[in-house]
Amino acid sequence: MITSEPIKVALIDDQILFRKSLANILSFRDTISVILEDTSGVSFIKHLESGVDAPDVLLLDLQLPDMDGIEVTKQIKTKFPEHPIKIIILSSHPQERYATHLLDLGANGYLSKDCEPKEVIRAIEDVYHKGIYFTESLRQALKNHQEKHPPNLQNPALLTDRE
């Protein structure tokens, strides 16, 4: 039987009980290894700058006291392109309000903090293997966003001569 290395996960959340509980739940999965827990976006960026092992997947709280999840996502994507870290944003905010913006910035998924633990596990596995994870409500929000803001294919600047 061929075994693969577990997915290396980092958890960045300033709510200690939430972070430690989630780490405990994930520790029961052979396919996932929590390699880092932290309360701060700034210290996670310093961790990456130090050159130590980067996670495969980052579970990142949207609201952190020192640097919010939006800024952490921007910095990871611009400062560390050599680390293909997949980012799943964790938030208590409605998905429609933030999700599309975060996906534009390079996040790979967006989960509500009140989701079931099995959905977190599915999200980790999907972003690791497929590059993205959408909940059903996020799919609907993206569909609604696209319907309200359809691409303008009539703009000649957007089309090549072949198109």
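Note that the coordinates shown come from a computational prediction; the quantities given were computed from them, not determined experimentally. (Residues numbered from 1 in each chain as written. Predicted model: local features only at pLDDT ≥ 70, side-chain atom pairs only at ≥ 80, totals over all residues. Heavy atoms only, no water.)

Chemist: Help me out: how do you make sense of the packing of aromatic side chains in this one?
Modeler: Aromatic ring pairs: the centre-centre distance and the angle between the two ring planes describe each pair. Throughout the structure, instances matching the rule amount to 0 aromatic pairs. Directly above the aromatic system of Phe18 lies the positively charged group of Lys113, at a separation of 4.9 Å from the ring centroid. (Phe/Tyr/Trp six-rings, centres within 6.5 Å; stacked < 30°, edge-to-face > 60°. Lys NZ or Arg CZ within 6 Å of the ring centre and 35° of its normal.)

Chemist: Sorry if this is basic, but what is going on with the sheet that holds strand β4 (residues 86-91) here?
Modeler: Think of a sheet as strands paired side by side through backbone hydrogen bonds, with each pair either parallel or antiparallel. Taken in spatial order, the 5 strands make up an open sheet running β2-β1-β3-β4-β5, and their pairing is parallel. Unpaired on one side and paired on the other, β2 (32-38) and β5 (109-112) mark the two borders of the sheet. Ignoring which end each strand starts from, the neighbouring axes of this sheet average 20° apart. With 4 bridges joining them, β4 and β5 adopt parallel strand pairing. (Pairing = 2+ DSSP bridges. Helix = DSSP H or I, 4+ residues; strand = E, 2+ residues; numbered from the N terminus. Axes fitted to C-alpha atoms, helices over the stretch in contact; angles between N-to-C directions.)

Chemist: Looking at this structure, I do not really get the pairing of strand β1 (residues 7-12). What am I missing?
Modeler: Two faces make up the sheet, and in a regular strand the side chains alternate between them. Taken across its 6 residues, β1 has 5 buried, putting it largely inside the fold. In the sheet, β1 pairs with β2 via 6 bridges, with the strands oriented parallel. Pairing of Ile7 across the sheet is with Ile32, part of β2. In the sheet, β1 pairs with strand β3 (residues 57-61) via 4 bridges, with the strands oriented parallel. Following the sheet pairing, Ile12 is matched in β3 by Leu60. (Buried < 20%, exposed > 50% of the residue type's maximum accessible area, 1.4 Å probe, protein only.)

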